[in-house]
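Residue-level structure breakdown
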Amino acid sequence: MNRTRLYGHASTTATLGMLTAAGYTATFNPWLILPAAFGAATLACLAAGFYSEAHREHRIRQRLERLRNSEPIPSTLTARERQALALIEHHLTKGAA
């Protein structure tokens, strides 16, 4: 599990905690639910962003594995494209460590 997915799980857990707190505070004063619901919505948006980023990184990692296993990088790539592939590979290997 990479860091981005871990942050997504943590944000989801915090969202559930905020929703529980919102429900509990609603028993005392219904207006207290607003700040907790706003915090829960914010954390839910964060979690969705983290999950989509983790999914994107997973797709890139799979694509790199397919490229590594199929054949060498074609020489038709420009220097900029080769540099971008090397940078992505470096980023993914650094995140996996």
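Refer to the preceding data block for the structure.
This text gives an overview of the structure that appears in the document. From a predicted model like this one, the values you see are computed outputs, not experimental measurements. (Residues numbered from 1 in each chain as written. Predicted model: local features only at pLDDT ≥ 70, side-chain atom pairs only at ≥ 80, totals over all residues. Heavy atoms only, no water.)

1. Here we look at the overall build of the protein
- Looking only at helices and strands, the protein features 3 helices and 0 strands.
- Split into buried and exposed, the 97 residues of the protein put 15% on the buried side.
- Residue pairs in contact within the protein that sit at least 24 positions apart in sequence constitute 67% of those at least 6 positions apart.
- Put simply, the protein shows about 7300 Å² of open surface, and 67% of that area lies on carbon and sulfur atoms. (Helix = DSSP H or I, 4+ residues; strand = E, 2+ residues; numbered from the N terminus. Buried < 20%, exposed > 50% of the residue type's maximum accessible area, 1.4 Å probe, protein only. Contact = heavy atoms within 4.5 Å. Areas by Shrake-Rupley, 256 points an atom, 1.4 Å probe, with all protein chains shown as cover.)

2. Some points on the side chain of Ser 11
- As for its placement among the helices and strands, Ser 11 is situated in helix H1 (residues 3-26).
- Looking at Ser 11, the relative accessible area reads 8%, which means it is buried.
- For Ser 11, the contacting residues outside a window of four places in its chain are Leu 43, Leu 46, Ala 47 and Phe 50.

3. Describing the packing of aromatic side chains
- One pass over the full model with this rule turns up 2 aromatic pairs.
- Considering the side-chain rings of Tyr 24 and Phe 28, the 5.2 Å spacing of their centres and the 85° angle between planes classify their relative orientation as edge-to-face.
- Under the relative-accessibility criterion, Tyr 24 is labelled exposed at 55%. (Phe/Tyr/Trp six-rings, centres within 6.5 Å; stacked < 30°, edge-to-face > 60°.)

4. Considering a nonpolar patch on the surface
- Taken together, the side chains of Met 1, Leu 6 and Tyr 7 define a hydrophobic patch exposed on the protein surface, amounting to about 370 Å² of accessible area.
- Note that Tyr 7 resides in helix H1.
- Using a relative accessible area of 43% as the deciding quantity, one classes Tyr 7 as partly exposed. (Patch = residues over 30% accessible without salt bridge, like charges linked within 9 Å, V, L, I, M, F, W, Y side chains within 5 Å. Salt bridge = Lys/Arg side-chain N within 4 Å of Asp/Glu carboxyl O.)

5. Some thoughts on the side chain of Asn 2
- Here Asn 2 is to be found in the segment before H1.
- For Asn 2, a relative accessible area of 14% gives the class buried.
- Side chain to side chain, Asn 2 and Glu 57 meet in a polar contact 3.1 Å long.
- The residues touching Asn 2, leaving out its near neighbours within four places in the chain, are Ala 54, Glu 57 and Arg 61. (Polar contact = N/O pair within 3.5 Å; in protein donor to acceptor, adjacent residues only side chain to side chain.)

6. Considering the pattern of salt bridges
- On inspection of all chains with the given rule, the structure shows 1 salt bridge.
- A salt bridge links Glu 53 to Arg 56, with the nearest nitrogen and oxygen atoms 2.7 Å apart. Here Glu 53 pairs with Arg 56, and both are found in helix H2 (residues 33-70), just 3 residues apart, close to one helical turn.
- The exposure class of Glu 53 is partly exposed, given its relative accessible area of 28%.
- Here Arg 56 falls in the partly exposed class, since its relative accessible area comes to 35%.

7. Description of the environment of Pro 35
- Within the fold, Pro 35 resides in helix H2.
- In this structure Pro 35 comes out as exposed when scored by relative accessible area, which is 54%.
- Once the C-alpha coordinates of Pro 35 and Ala 22 are considered, the two residues, 13 residues apart in sequence, prove to be 8.1 Å apart.

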